[in-house]
Amino acid sequence: MKAKYTIIGLFVIFLISISLNMYSKTKNEWKKIDNLSNQELSNIGSLAKLYGYSRYFYPNQQVLREIDYIDWYRFLVFASNKVIDSETETEFRNKILKIFTPIVPELSFDTPDNSKSVSANANESYAWEHYGIGIRLYNNIFHSDIISYNAKQRINLPTPDSMYSLPLNGNMNAYMPLSISYQHRQPSDKLNQLKKDIKKIKFKLATESFLKLAFGKPEKKFAFLQDYHFRMADIIVRWNIIRHFYPYFEEDGLNIKWDDVLKTSLINAVKCKDQFEYYDVVNNMLSYVHDSHISVNKGGYVGGIAAMVLQYYIPDIKLDWCEDKIYLREVPDTLTDRLSIGDVLVSVNDIPIDKLIEKKWDLVSASTKQGKYEALLRERLLGGFTKDSLLSL
């Protein structure tokens, strides 16, 4: 088998400037816990939803400043550490308000009196406009941005300064405006302090310096997602993208089960023993989205500049399927004396092929059976085995 690597965003010009937070001489330790209690799940689930509402629907221009933007991954790690051990709803509310009000000053858990809203007729208001997700660096039909609009343009847009009820967990709702009649022209002292606190979050992502990492042996030196708070943050980010931007959310029935998928994925994320298991956790979560366009990149986050990589072995052969049988479609010249096109794959490391398919079926996203098979055969079915794995034909 050959090793297949994907490295994203790795530019030589950035080698010197990358933060030393990613480098540690101490021993790598994968941090996991046995489970999350119901209270912990409730706390992190509420954090996940409030993050989605605040990031994608509250129009705070200062949060988007390119020079000093909020690192949302680190923000979620910071926030989850603060709220996970909250024992009561009151304690959770007090902690979450302290974390989020620098971003959403109007955030409240008290039922508002919208009749006192004085800005409903404001000449100019601000709200998010989403056509897809993300701010693009070039003209594109897909974009997200904060727009301004006047009273005449307000059809189907939120009422400015009106507090909207946003469900979290159980009977708990948060309240915030989705449109405001003023601009955040300067970051508040609280927002500046929050950004400073976020920057203090450190991730031990490698056991060697970056230069050694770049030119060394990645199977020995790459390490990422070790902190289960970071894994929870990663799950929360992915979960919210599907929750708010997947166009077939209700058509796929996700409006019924997506909250439960979040709970299951969070539990599996904190329990997994290494990055390979975590890769499967992410794939399993996204398999509920019946769309073959979804795939999980094996690159990892490094402070927004470079990326780590998950080593992944795949064989040189190519597979196809017919009537639930898996057979060889292409064979490299070096193996033609032992393999033939059309040979049926029986097992891998003594695992019968039907059992292997069953095991990995829920790790791919697709809308049809054919799509599932195609996704499995491209990489997932035989990917992840060691270089000395045994295929029986």
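Residues numbered from 1 in each chain as written. Predicted model: local features only at pLDDT ≥ 70, side-chain atom pairs only at ≥ 80, totals over all residues. Heavy atoms only, no water.

## Examining helix α1 (residues 38-57)
Given a rise of 1.5 Å per residue, 20 residues ought to cover 28 Å, and the 28 Å separating the end C-alpha atoms of α1 matches this to within 8%. With respect to burial, α1 is a largely interior element, 14 of its 20 residues being buried. (Helix = DSSP H or I, 4+ residues; strand = E, 2+ residues; numbered from the N terminus. Expected span 1.5 Å × (residues − 1). Buried < 20%, exposed > 50% of the residue type's maximum accessible area, 1.4 Å probe, protein only.)

## Comments concerning unusual backbone geometry
Backbone geometry places Asp161, a non-glycine residue, at a positive phi of 65°. Inspection of the secondary structure assignment puts Asp161 in the loop between β3 (143-149) and β4 (163-167).

## Looking at the side chain of Asp291
Among the secondary structure elements, Asp291 is positioned in the loop between α9 (275-286) and β7 (299-302). Residue classification places Asp291 among the buried residues on the basis of a relative accessible area of 15%. Within the structure, Asp291 has its side chain in polar contact with the side chain of His293 (distance 2.7 Å). Setting aside anything within four residues of it in sequence, one finds Asp291 in contact with Tyr246, Ser365, Ala366 and Ser367. (Polar contact = N/O pair within 3.5 Å; in protein donor to acceptor, adjacent residues only side chain to side chain. Contact = heavy atoms within 4.5 Å.)

## A word on the sheet that holds strand β12 (residues 347-348)
The sheet built from 3 strands is open, its strands ordered β13-β12-β14 with antiparallel pairing. Across the chains shown, the open sheet's two edge strands, defined by having one partner strand only, are β13 (351-352) and β14 (391-392). Judged from the 2 bridges that link them, β12 and β13 form a sheet pairing that is antiparallel. Residue Val348 lies in a different strand from β13, and its bridge partner there is Ile351. (Pairing = 2+ DSSP bridges.)

## As for the sheet that holds strand β2 (residues 125-131)
If you walk across this open sheet you meet the 3 strands as β3-β2-β6, and the pairing is antiparallel. Each edge of the open sheet is held by one strand with a lone partner, namely β3 and β6 (179-180). Two elements, β2 and β3, share 7 bridges in a ladder whose sense is antiparallel. Residue pairing for β3: Ala127 is matched across the bridge by Ile147.

## Examining the environment of Pro177
Examined against the element boundaries, Pro177 turns out to sit in strand β5 (residues 173-177). Relative accessible area serves as the criterion here: at 1%, Pro177 is assigned to the buried category. Through-space distance from the C-alpha of Pro177 to that of Leu107 is 8.0 Å; in sequence the pair is 70 residues apart.

## Here we look at the packing of helix α2 (residues 72-83) against helix α4 (residues 189-199)
Helix-helix packing: each pair is described by the crossing angle between the helix axes and the interaxial distance. Contact geometry for α2 and α4: axes closest at 9 Å, N-to-C directions at 90°. Considering their axes alone, α2 and α4 lie roughly perpendicular with respect to each other. Contacts from Arg74, Phe75 and Phe78 of α2 reach α4 at Leu194, Asp197 and Ile198. When its residues are assigned to classes, the contact of α2 with α4 shows 4 nonpolar, no polar and 2 charged. (Axes fitted to C-alpha atoms, helices over the stretch in contact; angles between N-to-C directions. Parallel < 35°, antiparallel > 145°, perpendicular 65-115°, else oblique. Nonpolar A, V, L, I, M, F, W, Y, C, P; charged D, E, K, R; others polar.)

## Quick notes on the pairing of β2
Bridge analysis of β2 against β6 gives 2 bridges, and the strand direction is antiparallel. Bridge assignment links Tyr126 to a residue of β6, and that residue is Ile180.

## Considering the packing of α2 against helix α7 (residues 228-245)
Contact geometry of α2 with α7 gives a least axis separation of 8 Å together with a crossing angle of 120°. Of the possible angle classes, the one that applies to α2 and α7 is oblique. Where α2 crosses over α7, the handedness of that crossing is right-handed. Contact residues: α2 offers Tyr73, Leu76, Val77, Ser80 and Asn81, while α7 offers His229, Phe230, Met232, Ala233, Asp234, Ile236 and Val237. (Left-handed = near helix turned anticlockwise from the far one by under 90°.)

## Observations regarding the nonpolar core
Among the nonpolar cores identified, the biggest contains 74 residues, and Phe75, Phe100, Ile103, Met176, Ile235, Trp258 and Leu266 are the most heavily contacted of them. In terms of residues, this core owes the most to one element, α7, which gives 10 residues. Not counting residues within four places of it along the chain, the set of residues in contact with Phe100 comprises Leu47, Leu50, Tyr51, Ser54, Phe75 and Leu107. By size, the runner-up hydrophobic cluster in this structure holds 18 residues, among which are Ile326, Val348, Ile353 and Tyr373. (Core = buried A, V, L, I, M, F, W, Y, C linked by side-chain atoms within 4.5 Å.)

## A short note on α2
The end-to-end C-alpha distance of α2, which contains 12 residues, comes to 16 Å, matching closely the 16 Å that a straight helix rising 1.5 Å per residue would cover. Along α2, 10 of the 12 residues are buried, which leaves the element largely enclosed by surrounding structure. When we look at burial in α2, the residues that qualify are Trp72, Tyr73, Arg74, Phe75, Leu76, Val77, Phe78, Ala79, Ser80 and Val83. Of the residues flanking the start of α2, the one acting as N-cap is Asp71, its side-chain oxygen 3.2 Å from the backbone nitrogen of Tyr73.

## Regarding the packing of aromatic side chains
The final tally for this structure, using the stated rule, is 9 aromatic pairs. Seen in terms of ring centroids, Trp72 and Phe75 are 5.3 Å apart; in terms of plane orientation they differ by 80°. Their pairing is edge-to-face. Of the two residues, Trp72 and Phe75 both sit in helix α2, 3 residues apart, roughly one turn of that helix. Each member of the pair, Trp72 together with Phe75, is buried. On the numbers, 5.2 Å between centres and 85° between planes, the contact of Phe75 with Phe100 is edge-to-face. Placement of Phe75 in helix α2 and of Phe100 in helix α3 (residues 89-100) is noted, with a sequence separation of 25 residues between them. In this structure, Phe75 and Phe100 share a single accessibility class: buried. (Phe/Tyr/Trp six-rings, centres within 6.5 Å; stacked < 30°, edge-to-face > 60°.)

## Digging into the pattern of salt bridges
In the structure shown here, the tally under the stated rule is 9 salt bridges. Between Glu89 and Arg93 there is a salt bridge; the shortest N-O distance is 2.7 Å. Highlighted residues: Glu89 and Arg93, both in helix α3, separated by 4 residues, approximately one helical turn. The class for Glu89 is partly exposed, based on a relative accessible area of 41%. Taken together, the shared-partner salt bridges connect Asp85, Glu91 and Lys95 into one network. (Salt bridge = Lys/Arg side-chain N within 4 Å of Asp/Glu carboxyl O.)

Nothing here speaks to function; it is all geometry.
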